[in-house]
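Examining the three-dimensional arrangement
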Amino acid sequence: MKSVKKFTVKSSDQTFTMPSVFGGMVYIGQINSSVLLDNVAFSISGVVESPSFKFKDMTLVDWREERQLMEAPWGDLVSDQMIMSYPKRVLDKIQDPEEFLIHWERILDGMTELAGAQYKSTREHIGFTRDLPNKGAKTHSGNPLMVQEKIGEELVEFRKIWQSSSNMLAILHSLAHNHEDSLALLKFKGGESFVGNLFVDYVKNIVHFVRPQQIRDEYKSENIIKVMEDYIQDGVKFDRFFTSGAVKLFYFDFVRNFGHDTVMKLGRNGSTTIDYQERRDALAVKLSEIEGQDISGYLTSWGIVISTSAEQKLVGFKKTKLNAKQLIQFAKDKIHVEAAKKAISKRRGFQKGGFKRPQATTPAPYDEPDMSDEDEDEVTTTELSTTVGYTTTEATPEDAVQQGRGFEIMDPVSPHTRLYI
């Protein structure tokens with residue numbers, strides 16, 4: 001029979017021994033005491049010291065020496081907001097742990113910002129393991145958040161953190177689950193609520209500068225049209241809100257219409273009641289107060305039923321003109337714009353293989369009489385870029401800050417201009 005590993009902790013007045021069947025990292029967490037403790041000293045036996053990179057306190061030279069001197073097979077990367085526990089062989093592959101942690105800190109900043117939480121008020125522990133509670137899962141939410149060990153070996157460069165890989169999205173989703181209760185008003189049932197999509201989309205859009213319709217396949221125009229037309233034709237029933245996929249598009253459309261700033265306000269002033277009808281009522285009232293108009297019609301157009309008592313509280317508010325069908329028109333407009341852009345590029349000769357001089361034999365489908373190519377392009381693009389709900393015209397990061405809109409106004413080619421909106 002194999003011996004069980006043990007370690008002993010001694011303080012000034014206590015001694016205790018802990019068994020550890022498989023071995024592993026040992027942490028001493030925050031000490032909660034009813035009396036003021038100026039200094040508490042511990043001695044631990046039966047362990048070896050593990051390498052730990054301390055963000056802002058260590059140089060790369062210090063870190064290289066520490067990894068070489070310490071014998072433990074595991075080690076940590078530690079910052080103000082997180083601890084990442086890796087096998088030592090993986091730590092050796094991370095060339096610049098400081099830059100690596102900066103990008104993870106940006107992700108956590110985005111999560112806490114959308115949750116309406118105090119800046120750097122949370123601390124996450126991400127650990128990599130060979131065994132997870134759910135068989136076949138890549139991650140398991142909680143604190144520590146557990147990730148399959150082989151995924152950790154793939155994500156050793158900060159550039160890979162930016163990529164929209166399934167492994168990275170799995171980690172972001174688990175991090176989002178740790179925060180989703182802060183948006184209780186937008187959580188319509190227990191279990192797999194999909195409200196975590198708001199956090200993941202916010203990070204990918206605001207931190208990683210990915211445009212919204214490139215974040216998920218569900219947000220592609222063709223899928224939006226199919227799902228929404230089926231859902232509406234079936235009678236917009238809340239019992240199909242989740243199974244039809246409409247719930248994911250609701251969160252997409254919610255941010256499209258109201259912006260991330262409204263999501264943050266709902267998080268700071270949310271309800272923690274377990275009764276989901278009360279949550280829906282509270283959402284209708286609070287959202288109407290924030291927007292200055294009766295939003296209940298928008299919610300019911302998605303199948304989110306509001307009680308009579310909640311509707312009575314909204315008497316006197318101007319009725320909103322927003323509804324779920326407008327998302328279908330938005331998607332159709334997107335397809336129309338893309339088709340126009342391709343037609344113009346093809347006519348100009350911007351095709352693979354170099355520039356080709358356009359033929360002037362027959363008019364192109366978007367030609368306007370008595371107008372130069374430059375003027376024609378300007379008019380065509382302006383006319384086709386008008387969409388339902390918000391504009392797709394050019395905007396700067398400063399516009400994004402002022403409007404509080406995360407979608408469609410980011411500049412994806414300037415990732416170093418700022419951290420996030």
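Look above for the structure.
Definitions and limits used
- Residues numbered from 1 in each chain as written.
- Predicted model: local features only at pLDDT ≥ 70, side-chain atom pairs only at ≥ 80, totals over all residues.
- Heavy atoms only, no water.
- Core = buried A, V, L, I, M, F, W, Y, C linked by side-chain atoms within 4.5 Å.
- Buried < 20%, exposed > 50% of the residue type's maximum accessible area, 1.4 Å probe, protein only.
- Helix = DSSP H or I, 4+ residues; strand = E, 2+ residues; numbered from the N terminus.
- Contact = heavy atoms within 4.5 Å.
- Axes fitted to C-alpha atoms, helices over the stretch in contact; angles between N-to-C directions.
- Parallel < 35°, antiparallel > 145°, perpendicular 65-115°, else oblique.
- Left-handed = near helix turned anticlockwise from the far one by under 90°.
- Nonpolar A, V, L, I, M, F, W, Y, C, P; charged D, E, K, R; others polar.
- Salt bridge = Lys/Arg side-chain N within 4 Å of Asp/Glu carboxyl O.
- Pairing = 2+ DSSP bridges.
- Phe/Tyr/Trp six-rings, centres within 6.5 Å; stacked < 30°, edge-to-face > 60°.

**Focus: the nonpolar core**
- In terms of nonpolar packing, the biggest core is built from 82 residues, with Leu77, Met84, Trp104, Leu186, Phe241, Phe250 and Trp302 touching the most fellow members.
- Of all the elements, helix H9 (residues 246–268) adds the most residues to this core, at 12 residues.
- Filtering out sequence-adjacent residues up to four positions away, Leu77 remains in contact with Phe53, Trp63, Met82, Ile83, Met84, Tyr86, Leu91, Ile94, Pro97, Phe100 and Leu101.

**Some points on the packing of helix H6 (residues 166–177) against helix H7 (residues 196–207)**
- Relative orientation of the contacting elements H6 and H7 amounts to 125°, with a least axis distance of 8 Å. What the angle tells us is that H6 and H7 run oblique. Both H6 and H7 take part in a crossing whose hand is right-handed. From H6, Leu169, Leu172, His173 and Ala176 reach across to H7, where they touch Gly196, Asn197, Phe199, Val200, Val203 and Lys204.
- In terms of residue class, the contact of H6 with H7 is made up of 6 nonpolar, 3 polar and 1 charged.

**Describing the pattern of salt bridges**
- Applying the stated criterion across every chain, the model contains 14 salt bridges.
- Residues Lys220 and Asp217 are paired through a salt bridge, measuring 3.3 Å at the closest nitrogen-oxygen approach.
- Among the residues examined, Asp217 registers a relative accessible area of 55% and is labelled exposed.
- Here Glu229 and Lys332 are joined by a salt bridge, their closest N and O atoms 3.7 Å apart. On the criterion of sequence distance, the pair formed by Glu229 in helix H8 (residues 221–233) and Lys332 in helix H13 (residues 325–348) is long-range, its members being 103 residues apart.
- On the basis of relative accessible area, Lys332 is assigned to the partly exposed category, the value being 38%.
- Residues joined by salt bridges that share partners form a network here, namely Glu180, Asp181 and Lys187.

**Remarks on unusual backbone geometry**
- Residue Pro144 is reached from Asn143 by a cis peptide bond, and omega for that bond is 15°.
- Locating Pro144 in the fold gives a position in the loop between strand S8 (139–140) and strand S9 (145–148).
- The phi torsion at Lys56 lies on the positive side, around 75°, for a residue other than glycine.
- On the secondary structure map, Lys56 appears in the loop between strand S4 (52–54) and helix H1 (60–69).
- One non-glycine residue, Phe209, lies in positive phi territory at about 60°.

**Some words on the sheet that holds strand S7 (residues 124–129)**
- Taking strand neighbours across the sheet as the criterion, the 6 strands line up as S4-S5-S6-S7-S9-S8 in an open arrangement whose pairing is mixed. Here the strands that pair on one side only, and so sit at the sheet edges, are S4 and S8.
- Packing against the sheet, H1 makes contact with S4 and strand S5 (74–78), and its axis sits at approximately 165° to S4.
- Against the sheet, helix H3 (residues 97–114) touches S4, S5, strand S6 (82–87) and S7, its axis set at about 130° to S6.

**Comments concerning the packing of aromatic side chains**
- All told, the structure shown has 20 aromatic pairs when counted by the stated rule.
- Arranged with centres 5.7 Å apart and planes meeting at 70°, the rings of Phe188 and Phe250 form a pair that is edge-to-face. Taken together, the residues span a long stretch of sequence, with Phe188 in the loop between H6 and H7 and Phe250 in helix H9 at a distance of 62 residues.
- Overall, Phe188 belongs to the buried group, its relative accessible area being 2%.

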